[in-house]
Amino acid sequence: MKNVKEILVDFIKAVILGLVISAAVGGVLFLAGFLAGGFHGEKGLEVGKDGLLLIASLGMFLLAGMLLSKGKKPEQFTEMDSWRRHFRIIGYKTAIGIVCAAFLTAASVMDGML
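Residue positions within a chain follow its written sequence, with the count starting from 1. Reporting of local features is limited, given that this is a predicted model, to residues whose pLDDT is at least 70; pairs of side-chain atoms are given and counted only at 80 or more, and all residues count toward the totals for whole chains, interfaces and linings. To get the side-chain values, all heavy atoms of the structure are used, and hydrogens and water are removed first.

**Things to note about the packing of aromatic side chains**
Two aromatic rings, drawn from Phe, Tyr or Trp (for Trp, its six-membered ring), form a pair once their centres lie within 6.5 Å of each other, and the interplanar angle then sorts them: stacked below 30 degrees, edge-to-face above 60, tilted otherwise. Counting across every chain of the model gives two aromatic pairs. Taken together, a centroid distance of 6.0 Å and an interplanar angle of 20° make the contact between Phe-30 and Phe-34 stacked. On the criterion of helical spacing, the pair formed by Phe-30 and Phe-34 is a turn pair, its members being four residues apart in helix α1 (residues 2-36). Residue Phe-34 is classed as partly exposed on the basis of its relative accessible area of 24%. Grouping aromatic residues by their ring pairs yields a cluster made of Phe-30, Phe-34 and Phe-39. For the purposes of this entry, the term helix denotes a DSSP run of H or I that reaches at least four residues, the term strand denotes a run of E that reaches at least two, and both are numbered from the N terminus. Working definition: with a 1.4 Å probe on protein chains only, accessible area under 20% of the residue-type maximum means buried, over 50% means exposed, and in between means partly exposed.

**Re the packing of helix α2 (residues 41-68) against helix α4 (residues 92-113)**
Fitted lines through C-alpha atoms serve as axes, helices being fitted only where they are in contact, and the angles separating the N-to-C directions of these axes extend from 0 to 180 degrees. In contact at an axis separation of 9 Å, α2 and α4 are set at 160° when each is read in the N-to-C sense. One finds that α2 runs roughly antiparallel with respect to α4. Here α2 and α4 pass one another in a crossing that is left-handed. Contacts between α2 and α4 involve Leu-45, Gly-48, Lys-49, Leu-52, Leu-53, Ile-55, Ala-56, Gly-59, Met-60, Leu-63, Met-66 and Leu-67 from the former and Tyr-92, Lys-93, Ile-96, Gly-97, Cys-100, Phe-103, Leu-104, Ala-106, Ala-107, Met-110, Asp-111 and Met-113 from the latter. Any angle between 65 and 115 degrees counts as roughly perpendicular, while under 35 counts as roughly parallel, over 145 as roughly antiparallel, and the rest as oblique. Each crossing is labelled by how the near helix is turned from the far one, with a counterclockwise turn of less than a right angle marking it left-handed and a clockwise turn marking it right-handed. Note on contacts: a residue pair qualifies if any of its non-hydrogen atoms lie within 4.5 Å across the two residues.

See the structure below:
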């Protein structure tokens, strides 16, 4: 039962981290699109959504590459001790996947606002 609770806490931490980062990036991209698009909110939302989708897809490609190359060469993650201070159970690959999913969620919200 303790492991389930720690997994849920780690999952919630990763989701919150992903949503905060995606909101910040989406806000900056929205502002850039709003200013460059002639002060139209639709242009800002479009640029923000497209940028978040691009970042999420690049993160997923990175994650896929890490998962595919796992058997060929053992990975050397030197910062595992500092990683465990923040996430007790889940690994960095799982956290990257959750953050990418949060980026997709933020992009979906922006698309819904269009």
